[in-house]
Amino acid sequence: MRGRAGRLVAILPEAQAERALASLRDHPLGRGAARIGRILGEGRGGVVLRTRLGTRRTLDLLSGEQLPRIC
């Protein structure tokens, strides 16, 4: 695959995750589909990243407008 454009993030019930991944992987462009996180029903909310070193850090909110980056 060329570049990193054209990504999809889907949020769906846990019970549907494996079926959705299988469907995505059935398409040639979706072969690399992977689960990248999960939503826990605890805490105050926010995104916690696991780094390459195995540590965790909180993802800070964007400064200014909360708009997606459009290239």
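Let me begin by describing the structure that accompanies this report. Bear in mind the structure is a predicted one, so any value in this text is a computation, not a measurement.

1. A short note on the overall build of the protein chain
Thinking step 1. Check the secondary structure of the protein chain and you find one helix and two strands.
Thinking step 2. Each helix and strand of the protein chain, placed in order from N terminus to C terminus, yields the pattern α-β-β.
Thinking step 3. When each of the 71 residues of the protein chain is scored for burial, the buried share is 6%.

2. Quick look at the environment of Val-48
Thinking step 1. Looking at where Val-48 falls in the secondary structure, it is placed in strand 1 (residues 47-50).
Thinking step 2. Separated by eleven residues in the primary sequence, Val-48 and Leu-59 place their C-alpha atoms 5.9 Å from one another.
Thinking step 3. Setting aside its immediate chain neighbours within four residues, Val-48 contacts Arg-56, Arg-57 and Thr-58.

Rules used in this analysis
Residue numbers run consecutively from 1 along every chain, following the written order of its sequence. The predicted origin of the model limits local features to residues at a pLDDT of at least 70 and limits the giving and counting of side-chain atom pairs to 80 or more, whereas totals for whole chains, interfaces and linings rest on all residues. For side-chain calculations, the full set of non-hydrogen atoms in the structure is used, while hydrogens and water are omitted. Counting from the N terminus, the helices are the DSSP runs of H or I reaching at least four residues and the strands are the DSSP runs of E reaching at least two. Relative accessibility thresholds used throughout: buried, under 20% of the residue-type maximum; exposed, over 50%; partly exposed, between the two (1.4 Å probe, protein chains only). Whether two residues are in contact is decided by their heavy atoms, any of which lying within 4.5 Å being enough.

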